[in-house]
Amino acid sequence: MSKEEKEIQTVQQPEFSFRKYSWKQFKRNKPAIISLYVLSVFAFVALLAPYIANERPLYAKYKGQTFYPAFTSETNYRFQDPQSSDSINLQLDITDWKRLEYESVFWAPVPWSPTTKDKANRRWVGPGDPQRFITNTGDTLHMPSRFRHRLGTNESGEDVLAGLIHGTRISLSIGFISMGIASIIGLFLGAVAGYFGDNRLQLARGRFYMIILSLPFAWFYAFHVRAYNLTDAMGESGFSFLIALLISIAVFAFVIVLFGTIGRVISKGNFLGKQIYVPLDTIISRGIEILNSIPVMILIISLAAMVKEYSIIYVMVIIGLTSWTGIARFTRAEFLKIRSMDYISAAQVMGFPEKRIIFRHALINGMAPSLVSIAFGIAAAILIESGLSFIGVGLPQDVITWGKLLNQGRENFHAWWLIVFPGLAIFLVVTVYNLIGEGLRDALDPKLKR
Amino acid sequence: MLKYILRRILIFIPTLFVISLIAFVISINAPGDPVENLFAGAKGGEGSSASNAGMTKAKDELRHELGLDLPVFYFTLTSLSEPDTLYLIKDKSHKENLERLINTYGNWEFIQEYYRSLIALRNEALIRTEADSNLLKQITSDSLLIIEDNFAQKCISLLRTQDATEIKSKINALQTECGRFSSLGANNFLERFNSLLSHCENTFAAVESNSSQWKTWIPALRFYGYNQYHRWLFGDGNWLTGNGSEHCHGVLRGDFGVSYATRKPVTETIGRALPWSMSLTAMSVLLAYLISIPIGVQAAAKRGSFFDRSSSVVLFMLYSLPSFFMGTLLLMTFANPDVLSILPANGVGPATGIPEDATLWEKFNMTWPYLVLPLICYTYSSLAFLSRTMRVAMLEISSLDFMRTAQAKGLSSNLIYYKHGLRNALLPIITVFANIFPLAVGGSVILEYLFGIPGMGPEILTAVQTKDYPMIVAVFTLSGFMTLVGYLVADILYAIADPRISYSKS
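It should be emphasised that the depicted structure is a prediction, and the values quoted were computed from it without experimental measurement.

Novice: Could you give an account of the overall build of chain A, with specific residues and numbers?
Specialist: Regarding its fold elements, chain A presents 18 helices and nine strands. Looking at chain A as a whole, 49% of its 450 residues are labelled buried. Sequence-distant contacts, at least 24 apart, represent 71% of the contacts inside chain A between residues at least 6 apart. Here chain A has roughly 23,000 Å² of accessible surface; of this, 62% comes from carbon and sulfur atoms. Averaging the positions of the 45 positive and the 33 negative side-chain charges in chain A gives two centres separated by 9 Å.

Novice: Residue-level account of the overall build of chain B, with values.
Specialist: When helices and strands are counted, chain B shows 20 helices and two strands. Counting only residues that meet the buried cut, chain B has 47% of its 506 residues in that class. Of the contacts formed within chain B by residues at least 6 apart in sequence, a portion of 72% connects residues at least 24 apart. Carbon together with sulfur atoms contributes 62% to the accessible area of chain B, which is approximately 24,500 Å² in total.

Novice: Quick one: what's the story with the interface of chain A and chain B, residue by residue and with numbers?
Specialist: How big an interface is tends to be stated in terms of the accessible area lost upon association of its parts. Listed as interface residues are 50 residues of chain A and, on the opposing side, 57 residues of chain B. Of all residues in chain A, Y228, I298 and F413 of chain A give up the largest surface area on contact with chain B, accounting jointly for 14% of the area buried on that side. Our enumeration of links across chain A and chain B arrives at two salt bridges. When the shortest N-O distance is used, the salt bridge between R388 of chain B and E438 of chain A registers 2.3 Å. Applying the counting rule to chain A against chain B returns four residue pairs in polar contact (both at pLDDT 80 or more). Of all the secondary structure elements, the ones that give two or more residues to the side of chain A that touches chain B are helix 6 (205–224), helix 7 (227–236), helix 10 (280–292), helix 11 (296–306), helix 16 (368–391), helix 17 (402–410) and helix 18 (416–444) of chain A. Here the element with the most residues in the side of chain A that touches chain B is helix 18 of chain A; it accounts for 12 residues.

Novice: Residues and numbers for helix 14 (residues 360–398) of chain B, please.
Specialist: A rise of 1.5 Å per residue sets the reference length of helix 14 of chain B, with its 39 residues, at 57 Å; its end C-alpha atoms lie only 46 Å apart and thus fall more than 12% short of the reference. The largest bend in helix 14 of chain B comes to about 40°, at W368 of chain B, with the proline P369 of chain B one to four residues further on.

Novice: Hey, could you go over the packing of aromatic side chains for me, with residue numbers and the actual values?
Specialist: Under the counting rule described, the total for this entry stands at 19 aromatic pairs over all chains. Where F223 of chain A meets F252 of chain A, the ring centres are 6.2 Å apart and the plane angle is 55°; that geometry is what we call tilted. Highlighted residues: F223 of chain A in helix 6 and F252 of chain A in helix 8 (residues 238–266), separated in sequence by 29 residues. F223 of chain A sits in the partly exposed class, given a relative accessible area of 26%. Exposure remark for F252 of chain A: the relative accessible area of 24% places this residue in the partly exposed category. Above the plane of the ring of F352 of chain A lies R356 of chain A, whose end atom (NZ or CZ) is 4.3 Å from the centre. Lying across the ring of Y319 of chain B, R388 of chain B places its NZ or CZ 5.4 Å from the centre.

Novice: Explain a nonpolar patch on the surface to me, and be specific about the residues and the numbers.
Specialist: A cluster of nonpolar residues, F44, L47, L48, Y51, Y68 and F71 of chain A, forms a patch on the protein surface that exposes about 640 Å² of accessible area. With relative accessibility at 32%, the residue Y51 of chain A sits in the partly exposed group.

Novice: Please provide a residue-by-residue account of the confidence of the model for chain A, values included.
Specialist: Across chain A, pLDDT averages 79, with 93% of residues at or above 70. For chain A, the element scoring lowest by mean pLDDT is helix 1 (residues 3–12) of chain A, at 55; helix 5 (residues 160–196) of chain A scores highest, at 88.

Novice: Run through the side chain of D159 of chain A, naming residues and quoting values.
Specialist: Residues and elements named next belong to chain A. Mapping D159 onto the fold places it in the loop between strand 7 (140–142) and helix 5. Judged by its relative accessible area of 2%, D159 is buried. Polar contacts involving the side chain of D159 include one to the main-chain amide nitrogen of L161, which spans 3.3 Å. Engagement of the side chain of D159 in a polar contact is seen with the backbone nitrogen of A162, the distance being 2.9 Å. Setting aside anything within four residues of it in sequence, one finds D159 in contact with V110, W112, T116, H149, R150 and G152.

Novice: How would you summarise the sheet that holds strand 5 (residues 104–106) of chain A if you had to cite specific residues and measurements?
Specialist: Note: strands within a sheet are paired through backbone hydrogen bonds, in either parallel or antiparallel orientation. Residues and elements named next belong to chain A. Strand order in the open sheet formed by three strands is 2-1-5, and the pairing between neighbours is antiparallel. Each edge of the open sheet is held by one strand with a lone partner, namely strand 2 (65–67) and strand 5. Taking the axes of each pair of neighbouring strands and ignoring which way they run, one obtains an average angle of 15° across the sheet. When strand 1 (residues 59–62) meets strand 5, the two strands line up antiparallel, connected through three bridges. Looking at the pairing, Y59 lines up with F106 of strand 5.

Novice: So what's going on with the packing of helix 2 (residues 18–28) of chain A against helix 3 (residues 30–47) of chain A? Which residues, and what values?
Specialist: Residues and elements named next belong to chain A. It is the contact of helix 2 with helix 3, at a shortest axis distance of 5 Å, that shows an interaxial angle of 90°. Viewed along their axes, helix 2 and helix 3 adopt a mutual orientation that is roughly perpendicular. For the pair helix 2 and helix 3, the contacting residues are F26, K27 and R28 in the first and K30, A32, I33 and L36 in the second.

Novice: An account of helix 12 (residues 312–322) of chain A is requested, with residue identities and associated values reported.
Specialist: Each α-helix winds once per 3.6 residues, and so residues spaced three or four apart point in a common direction. Of all the 11 residues making up helix 12 of chain A, eight are buried; the element is thus mostly covered by neighbouring parts of the structure. Along helix 12 of chain A, the residues classified as buried are Y314, V315, M316, V317, I318, I319, G320 and T322 of chain A.

Novice: An account of the environment of L233 of chain B is requested, with residue identities and associated values reported.
Specialist: Residue and element names in this part refer to chain B. One can find L233 in helix 10 (residues 228–234). Using a relative accessible area of 15% as the deciding quantity, one classes L233 as buried. Measuring from C-alpha to C-alpha, the distance between L233 and L252 comes to 5.9 Å, with 19 residues separating the pair along the chain. Once residues lying within four places of it in the same chain are set aside, the contact partners of L233 are G250, V251 and L252.

Novice: Explain the pattern of salt bridges to me, and be specific about the residues and the numbers.
Specialist: Residue and element names in this part refer to chain B. Going through the model one piece at a time under the given rule, you end up with 11 salt bridges over all chains. E113 serves as the salt-bridge partner of R116, at 3.5 Å between the closest nitrogen and oxygen. Of this pair, R116 and E113 both sit in helix 5 (residues 108–131), three residues apart, which is roughly one turn of that helix.

Novice: So what's going on with the confidence of the model for chain B? Which residues, and what values?
Specialist: Residue and element names in this part refer to chain B. The share of residues in chain B with pLDDT of 70 or more is 83%, and the mean pLDDT across the chain is 76. Counted against residues more than four places away or in other chains, residues 43–50, with its pLDDT under 50, gives 17 contacts. On the interface metric, ipTM, the complex scores 0.77, and its pTM is 0.78.

Novice: I'd like a description of the pairing of strand 3 (residues 76–80) of chain A, backed by residues and values.
Specialist: Looking along a regular strand, one sees side chains alternate from face to face of the sheet. All names here are of chain A. Along strand 3, the buried face is formed by Y77 and F79; none of N76, R78 and Q80, which line the opposite face, is buried. The sheet contact formed by strand 3 and strand 4 (residues 87–91) spans five bridges and is antiparallel. Looking across to strand 4, one finds that F79 is bridged to I88.

Novice: So what's going on with the environment of L329 of chain B? Which residues, and what values?
Specialist: Examined against the element boundaries, L329 of chain B turns out to sit in helix 13 (residues 323–334). Setting aside residues up to four positions removed in sequence, L329 of chain B forms contacts with I419 and V420 of chain A.

Novice: Now, about the side chain of E448 of chain B: what can you tell me, with residues and values included?
Specialist: Residue and element names in this part refer to chain B. Locating E448 in the fold gives a position in helix 18 (residues 445–451). For the buried E448, no salt bridge is present, and the opposite-charge side chain at shortest range is R272, 12 Å distant. At 2.6 Å, the side chain of E448 forms a polar contact with the backbone nitrogen of G457.

Novice: With reference to specific residues and values, describe the environment of T56 of chain B.
Specialist: All names here are of chain B. Mapped onto the elements of the fold, T56 is located in helix 3 (residues 52–66). T56 sits in the partly exposed class, given a relative accessible area of 37%. Along the chain, T56 and D91 lie 35 residues apart, while their C-alpha atoms are 9.9 Å from each other.

Here is what the cut-offs are and how they apply
- Residues numbered from 1 in each chain as written.
- Chains lettered and ligands numbered in written order.
- Predicted model: local features only at pLDDT ≥ 70, side-chain atom pairs only at ≥ 80, totals over all residues.
- Heavy atoms only, no water.
- Helix = DSSP H or I, 4+ residues; strand = E, 2+ residues; numbered from the N terminus.
- Buried < 20%, exposed > 50% of the residue type's maximum accessible area, 1.4 Å probe, protein only.
- Contact = heavy atoms within 4.5 Å.
- Areas by Shrake-Rupley, 256 points an atom, 1.4 Å probe, with all protein chains shown as cover.
- Lys, Arg positive; Asp, Glu negative; His and termini not counted.
- Charge placed at Lys NZ, Arg CZ, Asp CG, Glu CD.
- Buried area = accessible area lost by both parts, 1.4 Å probe.
- Salt bridge = Lys/Arg side-chain N within 4 Å of Asp/Glu carboxyl O.
- Polar contact = N/O pair within 3.5 Å; in protein donor to acceptor, adjacent residues only side chain to side chain.
- Expected span 1.5 Å × (residues − 1).
- Bend = angle between axes of the 7 residues up to and from the residue.
- Phe/Tyr/Trp six-rings, centres within 6.5 Å; stacked < 30°, edge-to-face > 60°.
- Lys NZ or Arg CZ within 6 Å of the ring centre and 35° of its normal.
- Patch = residues over 30% accessible without salt bridge, like charges linked within 9 Å, V, L, I, M, F, W, Y side chains within 5 Å.
- pLDDT = per-residue confidence, 0-100.
- Pairing = 2+ DSSP bridges.
- Axes fitted to C-alpha atoms, helices over the stretch in contact; angles between N-to-C directions.
- Parallel < 35°, antiparallel > 145°, perpendicular 65-115°, else oblique.

Structure below.
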């Protein structure tokens, strides 16, 4: 082996990957790793909530028939009683499942749904208090231990544990989806602002003016013409509103692109054809500053009051639309560094379009610090949601959340289980996300490595 | 420096303008008509006829007083099909319905005719049912009593119907009803309705046949001189001198308008609530800084020690502990007859009120038990955050040369950290300080709600629930202003803490 070859080998040998390195660092952080495990338990509970806490049995054999009531989407079961040959109709939503006489039955781990009102245990029955069970004949017995309300009930007799389990779903999905929206906006705006700065994006003057001109038109066609589609969809359901909103955004983008294309055609001659700089960074930074100077809680409460009826999706969208500034700022700072790096220059020299450089080359590398912000952001979103439901804004009446349970406990301090358990659940999830955020920060910031 | 401050204050203006615009946009898009809401408690809807004329007049006056009879902004971007005078239609439900019709048919001239015919029908129905009720009572037939009850309602419901088939079927139903009773003798009364109804039918047919839907696809810009936003900014008098203003003097003269909910000036409400939020925030900030700086410095000075590790864990827990959970727990423990009942649960003073002649000391003695729990809640979360920030900042500083020099000189550790280190580690702490200003206005909505403090929080919550938008816009603008002030103060403090920071351009 010649000397030169040896040199090449030694240069190539240490395959240093920042991602692998960071992951190794992250794995060293015990609390963060434990948090990941705890989080996966929460995610598991959230995913399987309807099968973990359900008043309907998972499997039941009743009068010779086999059912899986917790898994079905049917509304009633009709069948013949083999003994008396009467026709029996079990209506799934109103049947009192615990009082049927089964041949064999397999209950969900928590045999209560969050909205089942157990009339025998109304008015704050605690976990350790004697709980009552009323049989078919009207006798009052001690609650069979299988059906006990392990974490007590609230005023109307709803099981707290079941509420907590279903609340996990709401909390986690609010965290994920709202931060999903926020990170899409934040990453995009931050990347664009940081990469182009104030003096890198050059446009022909004609095209620039056309794009400015396109904004009112885009707004007109996306939101004014479609105003009734949007309000009607809002009246229908949160999901159809989301679809309608996406269509509007697509229309908005389309109009801008259309005007941009026209602008490209007319950009000729001395005046219109002259290249000018677009101060993207200034525009976006100003926007972030303005959004930051509005108190998020007040903004969210007033936006939540604007919608005709409360829905989880609106809360998600509102939190997402208002909390992207942190992510954008981190990404922008990172892109300011990245844009002068060699590999970006190389890509530019090779003539790649800017879109490709930003989103395929730079974004992967510039995302790391915003991951930290996203983890903290999820914690904050969960806190905001539980705070909102604590003061009774934003979420529909029939949805049980941790914040609502906690608020119910406020009415009666004797019912400590309504305060402690939901509060602990919020605390735990927020802590877990904060720990993951810290772990990520330590792992991704080599400066802190000591 | 002075120049820099002046320049920053100049930047305030466009930012505040945008913030107030955002608040304004939110408020005009809110569902419901504030005037109708105010009257809803007094009387249900426009149906009953007895006091109707007087009520309409009162409503119009109120609308004028609140400036709701004006266009919203200096300009609007609408479609070509919409007239620029649509804002003159006062009833918001009528307006919304007309907008729907315009959106479907795009021919305002015809829709206007149709609307006029409906209004004529409604007025006739309201007057007739009243005037002819005697006549109707003479013909004591059950079916005619039904006319009296339902007829006017049905006519009015047409004003809120937008679907073509529904409109036609409603008109038809009214016509057949008229026809059915014409034999009963009230001919005079019904004939008039018949002609009005057929007029409605004709005008609607004209709307349908002359549809110009394409107009809804053409954008149009309309300008207005005097409008709600202008009125909000400058008042309803002369915009420069403020002469001749009747109901509102404008934000620029310190008048935030009149609350929709209480009909009292917003400034008055804010003036009453703001001191509570401000003083609580100020006290808690002071406490938080007094406690957190020593903790942070100590933790950094004895890095890795038991104190450092245990305080880190405790502070982290505190940091993640939701304040409303902490607050409820505190209330459950200290204001609960079952456990300890040593502190009051709600409010900021005894329910009987503080006697007028109480001395300052007595007043303080009566108030402080109410403030203990809120202050703990206000303080602990910022305390945790501040200490952690302080620790990190101090750690970064402590490895620098000048700190080592100080150590080498043999200075005491107090002198090293508090005299040499602290000033250099203050920058992150100052950044946090800037965020506190808007809190003073917004308050902590949740905590004030929980502890029943009559600060800005409950006011904001009721304002949002009652759709009291002058209040919300005021809070938005004020807290935006405070944020900007916070940034400015932070910038000045940076320069004071670190003389190397200079804002002059040279």
